[in-house]
Amino acid sequence: MGNVANDVGDVFGAHRVLEPPGALPQAAWRVDNDLLRVFESELLIDVETLNVDAASFRQMEEATAAEGPEGVVRLVRETVSTRGKQHNPVTGSGGMLLGRVARIGSARSGDVATVGDRIATLVSLSLTPLRIDSIGAVRAASAQLDVTGQAVLFATGLYAVLPTDMPERLALAALDVAGAAPQVARICQKGDAVLVLGAGGKSGVICAVEARSRVGASGLVIGVESHAPYAEDLRALGVCDAVIGGDARDPLAVRAAVLAATGGREVDRAISCVNVEGAELAAILCTRDRGTIYFFSMTTSFTGAALGAEGVGKDVDMLVGNGFAHGHAEHTLALLRRETAVRALFENRYG
Ligand code: NAP
């Protein structure tokens, strides 16, 4: 396994930051991914699968379209060798990984896993020191790559032991977006009208299902999805009052279609789950005065949202999609167990 450093290391992982000085690992340009040398506060993982963030995977696919799947493999290799982590320099996002616990540092406490357990990390690859030895299959539909290599989690790095009652790839896909459902549960109330952009994708379906259960029969759930097969999947689930096959980057068209679906009512809550840039205004234009917008999407622009809302005179509360909420992994896995049709859809797509 290599050497154990004579050191505990920093709980936030500052001991792995190479540049710039003073940064924490997520903000760092480069982290130390020499995992032959580990620290006593670290959890060492033998990595099996990378679940790349949807916005990142799509950006890499588009940037290397001429090369096919090999293009994504090349960019992942380049990023990890340059930065010591899978931190897409264009989108700024990462993803998470699946692997087996190889070593638990002696300065750690409270670990729920033991050596040999299979776990999914619940902190971003954009801050996780990673060494890749080889890359095998690439599954574009789920943005997953089979790899061999190693990674470490810091003392503050969250993870979940993989459940035994569902396929691992399914669990990994759901855990990637685990922060979404609990936050939707917090902001949606009975009777609310809720708009979900990118509603046919992974987080979009989960948000639509969570919203439906919160707003009840007196509320409205409207989905917008540009990918026709995913829009059809969402219709078949029967959780939305309307599924609009549209482009969330076209704010006026989305607003017109949403108002047509709600009978002229602006929504109380809008949730953005798209994997492309430029959807801020569609969410803003559809949301009522003092309503709430939850930008789960990593493609969200702070300036686009802040100046866009100001520019159209919308006094709305806008939430950044924190990837973490207390109990988020359990919440999301419970949703999949309860909603058997969603589980079947996800097994088909990602399992
Ligand atoms: P996903 O499964 O790819 O879903 C995105 C959906 O949006 C897809 O169905 C996509 O269609 C659709 N879409 C793309 N462009 C659109 C447009 N112009 N109008 C309407 N729909 C459009 O992605 P995901 O895994 O759910 O992730 C969604 C977003 O959340 C990404 O930005 C990701 O980076 C972010 N994310 C955030 C966190 C967090 O902690 N906040 C964690 C994980 C992921 P196509 O199939 O055609 O692309």
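Keep in mind that this is a model prediction, so the values were computed, not measured.

Rules used in this analysis
- Residues numbered from 1 in each chain as written.
- Predicted model: local features only at pLDDT ≥ 70, side-chain atom pairs only at ≥ 80, totals over all residues.
- Heavy atoms only, no water.
- Helix = DSSP H or I, 4+ residues; strand = E, 2+ residues; numbered from the N terminus.
- Rg over C-alpha atoms; globule rule 2.2 N^0.38 Å.
- Buried < 20%, exposed > 50% of the residue type's maximum accessible area, 1.4 Å probe, protein only.
- Contact = heavy atoms within 4.5 Å.
- Areas by Shrake-Rupley, 256 points an atom, 1.4 Å probe, with all protein chains shown as cover.
- Lys, Arg positive; Asp, Glu negative; His and termini not counted.
- Charge placed at Lys NZ, Arg CZ, Asp CG, Glu CD.
- Patch = residues over 30% accessible without salt bridge, like charges linked within 9 Å, V, L, I, M, F, W, Y side chains within 5 Å.
- Salt bridge = Lys/Arg side-chain N within 4 Å of Asp/Glu carboxyl O.
- Pairing = 2+ DSSP bridges.
- Axes fitted to C-alpha atoms, helices over the stretch in contact; angles between N-to-C directions.
- Near = heavy atom within 4 Å.
- Polar contact = N/O pair within 3.5 Å; in protein donor to acceptor, adjacent residues only side chain to side chain.
- Nonpolar A, V, L, I, M, F, W, Y, C, P; charged D, E, K, R; others polar.
- Arc of directions from axis to C-beta.

### What to know about the overall build of the protein
For the protein, the count of helices and strands is eleven helices and 16 strands. Scaling as 2.2 N^0.38, a compact globule of 351 residues should have a C-alpha radius of gyration of about 20 Å, and the protein matches this with 20 Å. By principal-axis analysis of the C-alpha atoms, the protein measures approximately 65 × 40 × 40 Å. Burial statistics for the protein: of 351 residues in total, 54% are counted as buried. Counted over contacts in the protein with a minimum sequence separation of 6, partners at least 24 positions apart contribute 72%. As displayed, the protein offers around 14200 Å² of accessible surface, 53% of which is attributable to carbon and sulfur atoms. Charged side chains in the protein number 32 positive and 41 negative. The centres of these two groups are separated by 3 Å.

### Observations regarding a nonpolar patch on the surface
Taken together, the side chains of V11, F12 and L24 present a nonpolar region at the surface, about 270 Å² in accessible area. When you line up the elements, V11 lands in the loop between β1 (3-4) and β2 (17-19). Residue V11 is classed as partly exposed on the basis of its relative accessible area of 39%.

### Here's the deal with the sheet that holds strand β15 (residues 287-295)
Within the open sheet, the six strands sit side by side as β13-β12-β11-β14-β15-β16. Their pairing is parallel. Looking along the sheet, the strands with just one partner apiece sit at the ends: β13 (242-244) and β16 (317-320). Strand after strand, the sheet turns through a mean of 15° between neighbouring axes, direction not considered. Two elements, β15 and β16, share four bridges in a ladder whose sense is parallel. The partner of Y294 across the bridge, within β16, is L319. Across the sheet, helix α5 (residues 202-215) touches β11 (193-197), β12 (220-224) and β14 (267-272), and the angle it forms with β12 is around 170°.

### Description of the site of the ligand
Taken together, 27 residues form the shell around the ligand, and within it D53, R58, S203, D247 and G321 come nearest. A distance of 2.6 Å separates an oxygen atom of the ligand from a polar atom in the side chain of S203. The separation between an oxygen atom of the ligand and a polar side-chain atom of S297 is 3.1 Å. When isolated, the ligand has an accessible area of 920 Å², and the protein chains bury 90% of it. Among the secondary structure elements, those contributing two or more residues to the shell around the ligand are α1 (54-63) and α5. Each residue belonging to the shell around the ligand can be placed in one class, and the counts come to ten nonpolar, ten polar and seven charged.

### Some details on the pairing of strand β5 (residues 43-52)
The element β5 is extensively covered by neighbouring structure, given that eight of its ten residues are classed as buried. Examined bridge by bridge, β5 and strand β6 (residues 95-104) share nine bridges and lie antiparallel to one another. By the bridge assignment for β6, T49 is matched with L98. Note that β5 and strand β9 (residues 144-153) share eight bridges and pair antiparallel. Paired with N51 across the strands is Q144, a residue of β9.

### Here we look at the side chain of R83
Checked against the element boundaries, R83 lands in helix α2 (residues 69-83). No salt bridge is formed by the buried R83, whose closest oppositely charged neighbour, E19, lies at an N-O distance of 8.8 Å. A polar contact of 3.3 Å, which involves the side chain of R83, links it to the backbone oxygen of A28. Ignoring any residue separated from it by four or fewer positions in sequence, one finds R83 in contact with A28, W29, R30, V31, N88 and P89.

### Description of the sheet that holds strand β10 (residues 159-161)
Judged by pairing direction, the sheet is antiparallel, and its six strands sit side by side in the order β8-β9-β5-β6-β7-β10 without closing on themselves. Looking at which strands have only one partner, the edges of the open sheet turn out to be β8 (130-139) and β10. Along the sheet, successive strands turn relative to each other by an average axial angle of 30°, direction set aside.

### Description of helix α9 (residues 302-311)
A305, G308 and A309 are the residues of α9 that are buried. Angular distribution of buried residues about the axis of α9 spans 95°; they occupy a single face of the element. When the buried face of α9 is taken as reference, the exposed residues oriented beyond 90 degrees from it are F302, L307, E310 and G311. Those residues of α9 hidden inside the fold are in contact with α8 (280-286), β15 and β16. Positive phi appears at G313, one or two residues downstream of α9, with a value of about 65°.

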